[in-house]
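Overview (structure and organization)
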Amino acid sequence: EKDEDCSHCSQSTCRLEAGSTTGKCQVPWDDNEGCMLECLSKEMDPELVRYLREEWQGPATASDEIFRDAFVERMTEPACSGPRAWEEDIGRNGYEWQCNTTC
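First, a word on scope: everything that follows refers to the structure included in this document. (Residues numbered from 1 in each chain as written. Predicted model: local features only at pLDDT ≥ 70, side-chain atom pairs only at ≥ 80, totals over all residues. Heavy atoms only, no water.)

**Considering the overall build of the protein chain**
Helices and strands together make up the secondary structure of the protein chain, namely three helices and two strands. Secondary structure elements in the protein chain, listed N-terminal to C-terminal, are β-β-α-α-α. The buried share of the protein chain, taken over its 103 residues, is 22%. Across the protein chain, contacts joining residues at least 24 apart in sequence account for 30% of those joining residues at least 6 apart. In the form shown here, the protein chain has an accessible surface area of approximately 8,200 Å², with 52% of it arising from carbon and sulfur atoms. (Helix = DSSP H or I, 4+ residues; strand = E, 2+ residues; numbered from the N terminus. Buried < 20%, exposed > 50% of the residue type's maximum accessible area, 1.4 Å probe, protein only. Contact = heavy atoms within 4.5 Å. Areas by Shrake-Rupley, 256 points an atom, 1.4 Å probe, with all protein chains shown as cover.)

Written as structure tokens, this is what we have:
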């Protein structure tokens, strides 16, 4: 594969395997959410995208950056990602439950 073959999102690139002439598409680990949003926005009904933009941030004409931030806040969880995510001392994913005096 070549970079042009990696159409998952505009940031995806082809990563060659060591000692090989073939590769795999890879999304940027530091902006996984942005790539996911771009992919979903391409596949979703345009009316749904417009609705989400209006519901999450006001006018459908608000900037893509504001929409991305709203998407990350509402649709993702903070987590380690990437090929080194599960190495020792990198981080751990999971939930932490705490008492909340308001409920």
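**Details of the packing of aromatic side chains**
Applying the stated criterion across every chain, the model contains two aromatic pairs. Seen in terms of ring centroids, Trp 56 and Phe 71 are 6.4 Å apart; in terms of plane orientation they differ by 50 degrees. Their pairing is tilted. Note that Trp 56 is positioned in helix H2 (residues 46-57) and Phe 71 in helix H3 (residues 64-75), a separation of 15 residues in sequence. The residues Trp 56 and Phe 71 share a single accessibility class, namely buried. These aromatic residues form a ring-pair network of at least three members: Trp 56, Phe 67 and Phe 71. (Phe/Tyr/Trp six-rings, centres within 6.5 Å; stacked < 30°, edge-to-face > 60°.)

**Points about the side chain of Ser 12**
Position of Ser 12 among the secondary structure elements: in the segment before strand E1 (13-16). Within the structure, Ser 12 has its side chain in polar contact with the backbone oxygen of Cys 9 (distance 2.9 Å). (Polar contact = N/O pair within 3.5 Å; in protein donor to acceptor, adjacent residues only side chain to side chain.)

**What about the environment of Gln 26?**
Along the chain, Gln 26 turns up in strand E2 (residues 23-26). The partly exposed category is assigned to Gln 26, whose relative accessible area is 22%. As for Gln 26 and Arg 15, which are separated by eleven residues in sequence, their C-alpha atoms are 6.4 Å apart. Not counting residues within four places of it along the chain, the set of residues in contact with Gln 26 comprises Gln 11, Ser 12, Thr 13 and Arg 15.

**A short note on the pairing of E1**
Of the strand pairs in this sheet, E1 and E2 are connected by four bridges, and their pairing is antiparallel. Note that in E2 the partner of Leu 16 across the bridge is Gly 23. Between E1 and E2, which pair antiparallel one after the other, the connecting turn spans six residues, and Gly 19 there sits at a positive phi close to 70 degrees. (Pairing = 2+ DSSP bridges.)

**Remarks on H2**
The terminal C-alpha atoms of H2, which comprises twelve residues, lie 16 Å apart, in line with the 16 Å expected from a rise of 1.5 Å per residue. Among the residues of H2, Val 49, Leu 52, Arg 53, Trp 56 and Gln 57 are the ones counted as buried. Buried residues of H2, viewed axially, fall in a sector of 100 degrees; they line one side. Next to the buried residues of H2 lie helix H1 (32-43) and H3. Its side-chain oxygen at 2.7 Å from the backbone nitrogen of Glu 47, Asp 45 defines the N-terminal cap of H2. Following H2 by one or two positions, Gly 58 adopts a phi angle in the positive range, close to 105 degrees. (Expected span 1.5 Å × (residues − 1). Arc of directions from axis to C-beta.)

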